[in-house]
Amino acid sequence: MATLRDADPAAGDARAVQVRTLFSEIAPRYDLLNHVLSLNIDRRWRRRAVRALGWELAPHGTYLDACAGTFDLALELARRQGFAGRVVGADFALPMLTRGMPKVHGAPVAPVCGDAQRLPFATAAFAGATVGFGVRNLSDLGVGFRELHRVLKPGGRLVVLEFTVPPGRLLRAAYLFYFNRILPVVGRMVSGHPWAYEYLPRSVRGFPGPRALAELLRSAGFASVEWSLVSGGIAAIHVASKAGPKAGREGPQYPRRAR
Ligand SMILES: C[S@@+](CC[C@H](N)C(=O)[O-])C[C@H]1O[C@@H](n2cnc3c(N)ncnc32)[C@H](O)[C@@H]1O
């Protein structure tokens, strides 16, 4: 039976409790570990994800960053030059939001403690939405994607930035070695947490590949889904659009590598 400390991605309903516990416990060290363990490439990925959102077409809009953690992705959007809207950063682990608040420094980011699978927002509330390294943790991806689809305005975009396993043999071998052997050890040493950084490689291993993820987004109701790999396929960026009038939205601003 799953316990709070199994970190088992296959633990069904207990998963949400495990994930919330895990992120609540590592919150004080999350930012440090995030940038160290990703060798700081995560910053570049976040910039790309925000570009893919095409927010320039609705700069005054309200945007959602779901699974916002300590707000790195929300702030990447909120601090874009010309951005005049606001970003709601939602996460179900309160200690992550609390830890991120000092970074907000007057930027238009509003924290909300809430579950991505039961978003506490009205239908069609947001001009666009992002999720960075969050969907991998959801216990039911279909439910999460349908919720994200629901809260988007017609024509709005969802951008999902998530780890994936690189397709190239050499890079995949190096990546798996790093992920399975180095990362859990360094993660344990720096965070002091006994199992959090074993969960990370396990959750990536059990996660659908980019093509399957695109299919899940379509099944959740998104009208068009495109995706591209970044850094040789260590991560992928999916851009999914909700059908509807494309008021003020002309032409995609993201890499067009439809699959
Ligand atoms: C790896 S962190 C990513 C944080 C941030 N997006 C970033 O790019 O650094 C994953 C976050 O997702 C949150 N999370 C996981 N499942 C969630 C859910 N069902 N609802 C809300 N937040 C969730 C966790 O609490 C954690 O803060």
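Before reading on, note that the structure itself is shown above.
### Quick notes on helix H8 (residues 210-219)
For an α-helix the count is 3.6 residues per turn, leaving residues at separations of three or four pointing the same way. Of the positions making up H8, those classed as buried are Pro 210, Leu 213, Ala 214 and Leu 217. Down the axis of H8, the buried set is contained in an arc of 100 degrees. They therefore lie on one face. Exposed and facing more than 90 degrees away from the buried side of H8 are Arg 211 and Ser 219. At the exit of H8 stands Gly 221, carrying a positive phi of roughly 115 degrees.

### A few points about the side chain of His 193
Take His 193: it is sitting in the loop between helix H6 (169-191) and helix H7 (196-205). Given the relative accessible area of 5%, His 193 is considered buried.

### Some remarks on the side chain of His 149
Structurally, His 149 is set in helix H5 (residues 141-151). In this structure His 149 comes out as buried when scored by relative accessible area, which is 17%. Here His 149 is in contact with Ala 220, Gly 221, Phe 222 and Lys 242, once residues within four sequence places are set aside.

### Looking at the pattern of salt bridges
This structure, assessed with the given rule, holds 9 salt bridges. In this structure, Glu 147 engages Arg 150 in a salt bridge whose closest nitrogen and oxygen atoms are separated by 2.7 Å. A residue pair is termed a helical-turn pair when its members lie 3 or 4 positions apart in one helix, as Glu 147 and Arg 150 do in helix H5 at 3 residues. Classification of Glu 147 as buried rests on a relative accessible area of 13%.

What counts, and at which threshold
- For every chain, the first residue of the written sequence is number 1, and numbering continues from 1 onward in sequence order.
- Under the rules for a predicted model, residues below a pLDDT of 70 receive no local features and side-chain atom pairs below 80 are neither given nor counted, while totals for whole chains, interfaces and linings still include all residues.
- Water and hydrogen atoms were dropped before computing side-chain values, which therefore reflect all heavy atoms in the structure.
- Three exposure classes are used, based on accessible area relative to the maximum for each residue type with a 1.4 Å probe and protein chains only: buried under 20%, partly exposed in between, and exposed over 50%.
- Starting at the N terminus, helices and strands are each numbered in turn, a helix being any DSSP run of H or I of at least four residues and a strand any DSSP run of E of at least two.
- Think of it as the arc spanned by the lines of direction from the helix axis to the C-beta atoms.
- Contact definition: two residues touch when any of their heavy atoms are within 4.5 Å.
- A carboxyl oxygen of Asp or Glu within 4 Å of a side-chain nitrogen of Lys or Arg is what we treat as a salt bridge.

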